[in-house]
Amino acid sequence: LKIMNSELGRLALAAGLIVDMFYVCQNAVSTTFRIYTSDYGAPVISLTLIESIMIMVASVGCRLLFLKIIQWTPEGKPVKNYYISLICCGVIVGALACDNVGLPFNFAPFVIGLAVPSGPPLGSGIADRMDTFISGLLGPFILTYSATKMDLAVFFDFSFMYTILFVLGSITAGKLVFVFGTAMLNKMPVRDAVN
């Protein structure tokens, strides 16, 4: 249905981005506070702050590099495989850097993905070349890996199920409140905010 490219899909992506940014900020503040109150707090926080600034500067630099790649690509020609490989290596390095800093490992790839200009030649070129690899190999692999980590014996403990349902319900309610609240703060009509 290509719903992500529709107006509603873009609105949902923007609202999800706002919620994820709140989560990242809250996670960074709580992690920094926990580390600061420990015995080795100051050196670790300074190193983490330096690496986080480097990640943000690298993401801005990536946007400039992507615009240059588009300029270097002749009109009507696809992007060279060299540039696609370079971007993929940058995503892997960014994920490793975020994991070492204490941020979620998917933060840098997410920011790099936001830096990629949409449409041809670069955005659609990456999507075309990586689609088979991601949907054919990585997608089933991560689903299989996640399924092997699941303990089905837990589902027979109904007290634990109530806890899971409570956590899922509260997370869903919080996400709805944040998305709906953000839409209402931006003076969006109630009907569109509910959709």
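Residues numbered from 1 in each chain as written. Predicted model: local features only at pLDDT ≥ 70, side-chain atom pairs only at ≥ 80, totals over all residues. Heavy atoms only, no water.

### Looking at the environment of Leu-64
Relative to the assigned elements, Leu-64 resides in helix H2 (residues 41-72). Remark: the alpha-carbon pair of Leu-64 and Val-116, spanning 52 residues in sequence, is separated by 9.5 Å. (Helix = DSSP H or I, 4+ residues; strand = E, 2+ residues; numbered from the N terminus.)

### Quick notes on the environment of Ala-58
Position of Ala-58 relative to the elements: it lies in helix H2. Given a relative accessible area of 41%, Ala-58 falls into the partly exposed group. Here the alpha-carbon distance between Ala-58 and Val-111, two residues 53 residues apart in the chain, equals 9.7 Å. (Buried < 20%, exposed > 50% of the residue type's maximum accessible area, 1.4 Å probe, protein only.)

### Considering the side chain of Thr-73
Relative to the elements of secondary structure, Thr-73 occurs in the loop between H2 and helix H3 (81-101). What makes Thr-73 buried here is its relative accessible area of 9%. Filtering out sequence-adjacent residues up to four positions away, Thr-73 remains in contact with Pro-78, Val-79 and Pro-121. (Contact = heavy atoms within 4.5 Å.)

### Side note on the packing of H3 against helix H4 (residues 107-115)
Here H3 crosses H4 at 140 degrees, and the two axes come no closer than 7 Å. Of the possible angle classes, the one that applies to H3 and H4 is oblique. Taken together, the residues of H4 that come into contact with H3 (itself represented by Gly-90, Val-91, Gly-94, Ala-95 and Cys-98) are Phe-107, Ala-108, Pro-109 and Ile-112. (Axes fitted to C-alpha atoms, helices over the stretch in contact; angles between N-to-C directions. Parallel < 35°, antiparallel > 145°, perpendicular 65-115°, else oblique.)

### Some thoughts on the nonpolar core
The biggest cluster of nonpolar side chains holds 13 residues, and the ones touching the most others in it are Phe-66, Ile-69, Val-79, Ile-87, Val-116, Leu-122 and Ile-126. When contributions to this core are tallied by element, the ones reaching two or more residues are H2, H3, H4 and helix H5 (122-148). If sequence neighbours within four positions are ignored, Val-116 has contacts with Arg-63, Phe-66, Leu-122, Gly-123 and Ile-126. Ranked by size, the runner-up nonpolar core spans 7 residues in total, among them Cys-98, Leu-103, Phe-107 and Ala-108. (Core = buried A, V, L, I, M, F, W, Y, C linked by side-chain atoms within 4.5 Å.)

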